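# Examination of the molecular architecture
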Amino acid sequence: MVHSSCILQYHNCSTVIFAGILTVECDSLPGVRAIREAVRMSGAALGIEIVVVFFLALFLLHRYADFRKQQRMVLFGTLLAWYLCFLIVFILPLDISTTIYKQCKIDHEEHASVSPVTPLLSNQTAGNATTATPTKSVPKVCYKPWSYIPDGIMPVFWRVVYWTSQCLTWLLLPFMQSYARSGGFSITGKIKTALIENAIYYGTYLLIFGSLLIYVAVHPQWHLSWYELQTIGITAANTWGLFLLVLLLGYGLVEIPRSYWNASRRGHLLIKTYFKAAKLMTEKADAEENLEDVMEEVRKVQESIKYNHPLRKYIDTILRKCPVEYQEKMGRNMDDYEDFDDKQNTYPSEKNLVKLHKQVIYAVQRHNRTHVQWQILLQQAMHLEDVAKNETSSAHQFVHSFPSTEPTSWLSPYLYTPTVEWYWECLLRQWFYRLLAVVLSLFSVGVVWSECTFFSIHPVLSLFAVFIQLAERDYNYLYIEMACFITIFFLCTCVYSTVFRIRVFNYYYLASHHQTDAYSLQFSGMLFCRLTPPLCLNFLGLIHMDSAISHQLKEQTAYTSIMGSMRVLSFIANGFYIYYPMLILLLCIATYFSLGTRCLNLLGFQQFVGDNEMTSDLIDEGKELIRREKRKRQRTEDGENRRREWKERYGNTREDTARNRNRNEAAEMTETNYSDTVPIPNTNPNRQAKYSRTGRGTERDSIELLEDAEPLDFNAETVSDDPLEADSTRHVPGRYLSMSSSRSRIFDDV
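For clarity, every value in this text was computed on a predicted model and none was experimentally measured.

### Focus: the environment of H514
With respect to the element layout, H514 can be found in the loop between α16 (477-501) and α17 (518-542). Along the primary structure H514 and K69 are separated by 445 residues, whereas in three dimensions their C-alpha atoms are 9.8 Å apart.

### What to know about the packing of aromatic side chains
With the rule as written, the count across this model stands at 27 aromatic pairs. Ring centres of F157 and W158 lie 5.2 Å apart, and the angle between their planes is 65°; this geometry places the pair in the edge-to-face category. Residue W158 is classed as buried on the basis of its relative accessible area, which comes to 1%. Note on W424 and F432: the rings are 5.9 Å apart at their centroids and 50° apart in plane angle, and the pair reads as tilted. Taking relative accessible area as the criterion, W424 reaches 28% and is therefore assigned partly exposed. On the accessibility criterion, F432 (43% relative accessible area) is partly exposed. Of the aromatic side chains, those joined through ring pairs into one cluster are Y64, W82, Y496 and F528. The ring of W431 carries R434 above its face, with NZ or CZ at 4.7 Å from the centroid.

### Focus on a negative patch on the surface
A cluster of acidic residues, D286, E289, E292, D293 and E297, forms a negative patch at the surface. Mapped onto the secondary structure, E297 falls in helix α9 (residues 266-304). Owing to a relative accessible area of 41%, E297 belongs among the partly exposed residues under this scheme.

### As for helix α21 (residues 583-592)
Of the positions making up α21, those classed as buried are I584, C588 and T591. Axial view of α21: buried residues confined to an arc of 65°, hence all on one face. Two residues or fewer after α21 comes S594, characterised by a positive phi angle close to 55°.

### Digging into the side chain of K284
Locating K284 in the fold gives a position in helix α9. Ignoring anything within four residues of it in the chain, the contact list for K284 reads T370, H371 and W374.

### Considerations on the environment of Q552
In this fold, Q552 is placed in the loop between α18 (547-550) and α19 (558-561). On the basis of relative accessible area, Q552 is assigned to the partly exposed category, the value being 21%. Separated by 95 residues in the primary sequence, Q552 and I457 have C-alpha atoms spaced 8.7 Å apart. What Q552 contacts, discounting residues up to four positions off in sequence, is I457, H544 and S547.

### Points about a nonpolar patch on the surface
Where nonpolar side chains cluster on the molecular surface, the patch consists of W449, L461, L463, F467, L470 and Y479 and spans about 540 Å² of accessible area. In terms of residue count, the dominant contributor to the nonpolar patch is helix α15 (residues 463-473) (three residues). Relative to the elements of secondary structure, Y479 occurs in helix α16. Judged by its relative accessible area of 37%, Y479 falls in the partly exposed class.

What counts, and at which threshold
- Residues numbered from 1 in each chain as written.
- Predicted model: local features only at pLDDT ≥ 70, side-chain atom pairs only at ≥ 80, totals over all residues.
- Heavy atoms only, no water.
- Helix = DSSP H or I, 4+ residues; strand = E, 2+ residues; numbered from the N terminus.
- Phe/Tyr/Trp six-rings, centres within 6.5 Å; stacked < 30°, edge-to-face > 60°.
- Buried < 20%, exposed > 50% of the residue type's maximum accessible area, 1.4 Å probe, protein only.
- Lys NZ or Arg CZ within 6 Å of the ring centre and 35° of its normal.
- Patch = residues over 30% accessible without salt bridge, like charges linked within 9 Å, V, L, I, M, F, W, Y side chains within 5 Å.
- Areas by Shrake-Rupley, 256 points an atom, 1.4 Å probe, with all protein chains shown as cover.
- Salt bridge = Lys/Arg side-chain N within 4 Å of Asp/Glu carboxyl O.
- Lys, Arg positive; Asp, Glu negative; His and termini not counted.
- Charge placed at Lys NZ, Arg CZ, Asp CG, Glu CD.
- Arc of directions from axis to C-beta.
- Contact = heavy atoms within 4.5 Å.

Next comes the structure, spelled out in structure tokens:
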């Protein structure tokens with residue numbers, strides 16, 4: 001009996017090795033079970049991912065934003081928006097694995113309650129009779145995932161994340177963006193302008209919300225309640241996001257793999273870079289010309305409105321938004337103490353100044369954007385030309401035409417040596433990009449097929465649903481979570497990169513090395529919060545875990561539960577959410593054959609079409625522009641080298657000569673001064689200073705002569721007439737103002 005009891009206890013124990021963790025599940029060992037439950041019920045995986053995602057969002061924001069120059073509220077709003085969206089992407093796989101485990105427990109309980117009693121025949125040696133022993137069929141054991149999240153945590157977590165992100169994307173971020181770009185001079189004026197500009201966004205949302213509200217109100221089977229109003233609001237936001245999501249996915253699913261394939265063709269990529277350079281230079285010239293015109297208007301206004309005019313404070317606010325070089329030009333030849341005369345001059349009204357202020361903000365932003373994009377494109381074109389030159393190098397050492405301006409880590413000189421760089425840039429990179437393009441193409445085909453067939457439950461046609469269900473049978477939770485994360489990440493990449501690729505949205509950009517402006521950061525946060533929730537909801541439909549679409553009586557994820565029951569709006573769940581994603585197939589076909597590009601080219605918009613005469617002209621123009629920039633940079637580098645050599649060769653000699661000359665002149669002046677006076681003991685420092693004044697003036701003259709011999713530095717930030725008094729310069733009222741804005745208040749200018 002003891003032996004059989006031990007065997008039974010061993011039979012009830014199951015040992016599972018999952019993700020390197022040995023888990024012992026045994027109902028007869030209460031100590032081990034208590035430890036296991038304590039570890040898993042603590043939700044450690046959720047806490048770790050929350051912390052890791054925060055530092056990931058902070059790292060990316062530091063890479064793209066400038067913490068020292070940009071306003072604190074902009075940085076905080078962008079960080080919060082990115083953090084919440086990244087949380088949805090990273091935590092949703094954990095919610096899926098936990099839901100699969102809960103569904104397994106439900107199936108296990110139902111199987112145990114309805115399992116039939118089967119007779120087990122056993123032969124008795126004591127007689128010829130046969131007896132039947134009733135037994136129950138043992139169901140398959142459900143194993144908890146390593147990232148199991150206890151009940152009650154995820155619904156609260158998703159409500160906080162979802163509603164906070166929706167408040168950011170629909171209320172706070174659009175308001176902050178319009179507030180920062182408003183031309184008003186008061187808080188009330190800026191708020192009024194921001195509300196008017198956001199009326200379009202609010203109008204589209206309210207139109208969808210109002211239509212759904214009317215449908216529910218006139219429906220005889222439904223009665224309006226707070227839960228149904230909440231469901232209508234969520235459905236309106238998801239419908240708006242899904243409408244834009246499908247359009248962006250149809251372009252990104254084709255263009256992302258094709259971009260990597262074209263990146264492996266260096267000749268094609270270099271030609272396209274020349275084409276982009278020609279177009280961007282035209283836009284850059286227009287931006288500079290527009291900025292010149294606006295600055296001329298500012299100059300006329302600030303010359304007419306003097307320091308004691310009531311509107312002068314508005315002029316000072318406008319001057320703070322102007323570039324520094326224009327502030328210096330407008331600050332010259334200005335009489336700060338000239339009074340204004342109402343009878344002789346006509347002055348602009350406050351409304352005209354508000355309009356001028358807004359024009360200055362737009363012009364400066366456009367100028368900065370084109371300048372940053374031009375520097376990035378110029379660096380890319382020079383790098384591609386260097387790769388083409390180094391391909392024929394027999395030394396297998398990558399040589400740059402100009403030193404890189406991008407900051408590098410301290411490990412780069414040791415790991416990324418010129419030899420490693422040559423093998424990567426000239427040999428391995430193109431094959432890696434081709435392999436990546438093939439993998440991404442297969443991924444895109446799977447997404448398009450699943451979007452067109454995910455409504456089919458029997459048989460299961462969605463590829464992602466098939467893969468998840470196969471892994472679910474073996475309780476391979478790690479595979480399930482990794483597959484869900486990679487798929488969601490791929491969909492997010494296709495959607496978000498498309499926004500910054502399309503020419504219509506070229507007003508915003510994301511540039512690394514702290515070069516992204518505040519408006520682009522706010523736009524990216526607003527876009528991420530608006531598209532990530534419907535994208536993840538669409539993914540749950542692809543893997544048949546959204547019961548509103550699959551119509552299966554299965555356990556719902558906590559993320560789906562906060563979206564409300566779609567039975568309130570059945571025509572959305574059974575119509576729009578199912579059939580509208582099929583439009584991706586048509587959009588992908590149109591993108592593959594470049595129908596949109598060809599149509600825009602026929603309408604007169606310059607597009608990159610290989611067999612077009614205008615495209616060839618722009619390529620030649622871009623090539624000449626890159627050559628001109630390289631010659632300019634080469635002249636600058638040669639000048640710096642000559643100056644450095646001149647300093648190394650003659651700098652020390654000049655310093656020694658100047659030092660000896662100053663010493664001799666000081667000695668001569670001391671002898672002259674003391675020869676005309678009686679020697680005085682060195683007890684009174686004030687009287688001693690009296691006799692050293694002449695020598696100080698001579699030393700001052702010598703230093704001034706030496707300063708005149710120095711080559712002029714036209715890049716200096718300040719210019720002083722007296723080099724000895726450069727540190728004691730003071731601010732002159734009425735001159736140009738500093739670009740650094742005050743951060744003492746929340747509603748200061750961004």
